[in-house]
Amino acid sequence: MRQTLLMEKYPVFDLDLDKSETTCTSVDDILDRLKAKIDAHPKVGYIATFDHYSHTQSIDGTIAEDIKDARNIVFCFGVALPNAHVLAVRPRSIGVADLGDRFHICFMEPPMEVATKEMEAWCRELVDKT
């Protein structure tokens, strides 16, 4: 995974996953694997899956030519609610796009290191072919 700044202000983790590196064959497969990780974690709550591709199509939005499918899985690591300000950075999501020959998986860095490490591990585990 690599960490970059999107639009010079949003810390984002990205993983380009060649389809030859994973047993996953679709965005659905990846989302199923991520949902299983979310469901298995005692402090994480699944919220929803958002079909960004279909939504953008339905409003006649612009979609890059190489994007074949794009969805976000939304969840929360909310182990504490120390103040109302943390609501601005919750919940979390991981985006998954099918770019034809590869999947692009990304998430914005959470303000909680344990969540960052867990999300990064979930994404890295998708590389399951040698």
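Criteria and cut-off values
- Residues numbered from 1 in each chain as written.
- Predicted model: local features only at pLDDT ≥ 70, side-chain atom pairs only at ≥ 80, totals over all residues.
- Heavy atoms only, no water.
- 1 Å grid on protein atoms, 1.4 Å probe; cavity = no way out; pocket = protein on both sides within 12 Å on 5 of 7 lines; lining within 4 Å.
- Points joined across faces, edges and corners; volume = space filled by probe spheres on them.
- Helix = DSSP H or I, 4+ residues; strand = E, 2+ residues; numbered from the N terminus.
- Nonpolar A, V, L, I, M, F, W, Y, C, P; charged D, E, K, R; others polar.
- Buried < 20%, exposed > 50% of the residue type's maximum accessible area, 1.4 Å probe, protein only.
- Lys, Arg positive; Asp, Glu negative; His and termini not counted.
- Salt bridge = Lys/Arg side-chain N within 4 Å of Asp/Glu carboxyl O.
- Contact = heavy atoms within 4.5 Å.

*Asks:* Even after reading the chapter, I still don't get the layout of surface pockets, so can you show me in this structure?
*Replies:* Leftover empty space is mapped by rolling, across the atoms, a probe with the size of a water molecule. Estimated volume of the largest pocket: approximately 520 Å³. As for the largest pocket, its lining consists of 23 residues, and the residues nearest its centre are His52, Asn72, Gly95, His104 and Cys106. Every element with two or more residues in the lining of the largest pocket is listed here: strand 1 (2–6), strand 2 (10–18), helix 2 (52–58), strand 4 (69–76), strand 5 (92–98) and strand 6 (102–108). It is strand 5 that provides the largest number of residues to the lining of the largest pocket, a total of five residues. In terms of residue class, the lining of the largest pocket is made up of 13 nonpolar, eight polar and two charged.

*Asks:* What exactly am I supposed to notice about the side chain of Arg92 here?
*Replies:* With respect to the helices and strands, Arg92 occurs in strand 5. For Arg92, which is buried and forms no salt bridge, the nearest opposite charge comes from Glu109, at a distance of 8.4 Å. Dropping the residues within four chain positions of it, Arg92 is found in contact with Ile73, Val74, Phe75, Phe77, Met108, Glu109, Pro110, Pro111 and Met119.

Structural measurements only, silent on function.
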